[in-house]
Structures are given as structure tokens and as C-alpha cells.
Amino acid sequence: MKKLLLSKGKKVYFASDNHLGAPTLKASLPREKKFVAWLDSIKEDAEVIFLLGDLFDFWFEYKTVVPKGFTRTLGKLAELTDAGIPIFYFVGNHDLWMNGYFEEELNIPVYHKPQQYLIKDTSFFIGHGDGLGPHDKGFKRMKKVFTNPVAQWFFRWLHPDWGVRLAQHLSINNRIISGESDAKSLGEDKEWLVQYAKQKLEKQHYDNFIFGHRHLPLEIKLNENSTYTNLGDWISYFTYAEFDGEKLTLEKYTS
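Residues numbered from 1 in each chain as written. Predicted model: local features only at pLDDT ≥ 70, side-chain atom pairs only at ≥ 80, totals over all residues. Heavy atoms only, no water.

## Thoughts on the sheet that holds strand E8 (residues 208–211)
Across the sheet, which stays open at both edges, the six strands sit in the order E1-E6-E7-E8-E10-E9 with mixed pairing between neighbours. Of all strands in the sheet, those bounded by a partner on one side alone are strand E1 (2–4) and strand E9 (217–221). Along the sheet, successive strands turn relative to each other by an average axial angle of 20°, direction set aside. Most of the contacts of helix H8 (residues 192–201) go to E8, to which it runs at about 145°, and overall it touches strand E7 (122–126), E8, E9 and strand E10 (227–231). (Pairing = 2+ DSSP bridges. Helix = DSSP H or I, 4+ residues; strand = E, 2+ residues; numbered from the N terminus. Axes fitted to C-alpha atoms, helices over the stretch in contact; angles between N-to-C directions. Contact = heavy atoms within 4.5 Å.)

Structure, rendered in C-alpha cells:
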């Protein structure tokens, strides 16, 4: 379990599921500007920022090419890391094809699996949330294809204009890929990430489980000492979580 320090007066921030570029770059621009404004608003008291995936609706790194756009977001992230604020990125089902760009250009570590942290004596289990738990079977099958090195090698041979256009079409029109069906509440007893968290608790205690992917702001008590939090999204809710060393809360950005 990784240990992170939290200075007096500082906070840890969590956000996910911006899906920048959906349905078009122009349409997502107001949301991008709002997210950048939020990042700017927290830079004075942010000790660490966790971004839990699907920042982009599609992301694929060719050897010398990355998708066009998102200049404001990438520039702000670079500004924050240059200022000494650590940012940790967890890939989602839309941007799982990250392969070095964030690390090399932005100094942001990228994780493809959930990680565990201890922050001021409070334990966290953190991940995007896709493919976890007893359900999500359609995506689990898709993910095996998406993460297959041979499939990625063939896709990389597509000209970027064709590859990005094809991926954007699938992302917007295929619910398995886009996660549109994940934006509906299943009820506490049927939430598969809740079930996953409870299974993890049978082996080890965590104070907080934090995920994205579901596009719903959720806070669910798993037992007397553990809570499951889903971060919502920056499409409909503009929600995020903050930890001040004592309490984790879901907040809504309204500016």
C-alpha cells in the first residue's frame, strides 16, 4: 500500500469521466473549460489529484501522434505538475490505450489497475471501475480484444485520421464501449462495484473505495467503517470528491 503525506490545510481531490471530445470537440469545449476552471480553483490547496479515467472519450497513442484537441486540459495538467502537485491517472475503458505520453510529457504516472493508498491513516482503494465485479461481462469480452497486443498493432497501422474516426464512431454509438448504460442506478443491492468492494473487504479492510465509470455520484456505506464512493461525471453532474485528512465528501462544481 502506497503512503501519501497530507500537509496541514491541504486536500486530496478525485475526479473522473469527462469524456472530452464527445459527441464532438466543439460540443465538449464548454465542459472542458469548466473542468480546467475547476483545476485552477483547487491548485492552491491540492496536495494530490487523482483522475480516475475516461478524461477523453477516445485516446490512442501512435508512436508520434496523439488525438487532436484538449490543449487547455493538457496545458493545465502540465502547469500543475510543473508546480509540484502530483497527479495520478487511472485509465478508463475509453482511454486504456495510454502508453507513455502522460508520463513523458506531463510527468503523470498512469495506472491500468486499481491501486491502494494510505493517506493520513485513512486507507483508499482507487480505480476506474470498468470490468470489476460479477457483471460488466460485455465489456470484459471487449477489453480482452482492446488490450490484445496484436489487435493494437493492427490498429496502429491505420492512418490516424481513419483510426480516430472509427474509434469515435464506436465510442458514441456502441453502449458497451461508451458506457451509456452505466449511467443508470441499479439499486444499492445490485450495484456491481458495491459487490466488488464487499468482496475485497472479506480479505482486507479499506476505509474508502473510490471509482468512476458509473457516471453517477454515489456514496454507499459498505459497513460501519467502509464507504463506496462513485465520482459521477463532468457531463451531467460536474461532481468530484475531496479528502481533507478527516472526511471524504462528494462536491459539485458550480462556477
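## Some points on the packing of aromatic side chains
Applying the stated criterion across every chain, the model contains 31 aromatic pairs. Between the aromatic rings of Phe50 and Tyr117, the centroid separation amounts to 5.0 Å while the plane-to-plane angle is 75°, which identifies the pairing as edge-to-face. A residue pair is termed long-range when its members are at least 10 positions apart, and Phe50 in strand E3 (residues 46–51) and Tyr117 in strand E6 (residues 115–119) qualify at 67 residues. The exposure class assigned to Phe50 is buried, which follows from its relative accessible area of 0%. (Phe/Tyr/Trp six-rings, centres within 6.5 Å; stacked < 30°, edge-to-face > 60°. Buried < 20%, exposed > 50% of the residue type's maximum accessible area, 1.4 Å probe, protein only.)

## Considerations on the pairing of E10
Of all five residues in E10, five are buried, a share of seventy percent or more. The alternating pattern of E10 places Thr227, Thr229 and Leu231 and Tyr228 and Asn230 on opposite faces, both of which are buried. Two strands pair when backbone bridges link them, and E8 and E10 are joined in this way by four bridges, in the parallel orientation. Note that in E10 the partner of Ile210 across the bridge is Thr229. Between the antiparallel neighbours E9 and E10 lie five residues.

## Re the nonpolar core
The biggest cluster of nonpolar side chains holds 36 residues, and the ones touching the most others in it are Trp38, Ile49, Phe56, Leu77, Tyr89 and Phe102. Sorting the residues of this core by element identifies strand E2 (11–15), helix H1 (25–42), E3, helix H2 (71–82), strand E4 (87–90) and helix H3 (101–106) as the ones contributing at least two each. Filtering out sequence-adjacent residues up to four positions away, Phe56 remains in contact with His19, Leu20, Phe70, Leu74, His94, Asp95, Met98 and Phe102. Of all hydrophobic cores here, the second largest spans 19 residues; its members include Phe14, Phe50, Phe90 and Ile119. (Core = buried A, V, L, I, M, F, W, Y, C linked by side-chain atoms within 4.5 Å.)

## Re the confidence of the model for the protein chain
When pLDDT is averaged along the protein chain, the result is 86, and 79% of the positions lie at 70 or above. Of the regions scoring below 50 in pLDDT, residues 175–179 engages in 15 contacts with residues more than four places distant in sequence or in other chains. (pLDDT = per-residue confidence, 0-100.)

## Details of the packing of H1 against H2
Remark: H1 packs on H2, axes separated minimally by 9 Å, with the N-to-C direction vectors making an angle of 10°. Considering the angle they form, H1 stands roughly parallel to H2. Across the interface between the two elements, Leu29, Glu32, Lys33, Phe35, Val36, Leu39 and Asp40 of H1 pack against Thr71, Arg72, Thr73, Lys76, Leu77, Glu79 and Leu80 of H2. (Parallel < 35°, antiparallel > 145°, perpendicular 65-115°, else oblique.)

## Some thoughts on H2
Between its terminal C-alpha atoms H2 stretches 16 Å, which fits the 16 Å expected from twelve residues at 1.5 Å a residue. Taken residue by residue, H2 has Thr73, Leu74, Lys76, Leu77, Ala78, Leu80 and Thr81 as its buried positions. In this structure, the buried side of H2 is in contact with H1, E3, E4 and H3. Phi turns positive, to about 95°, at Gly84, one or two residues after H2. (Expected span 1.5 Å × (residues − 1).)

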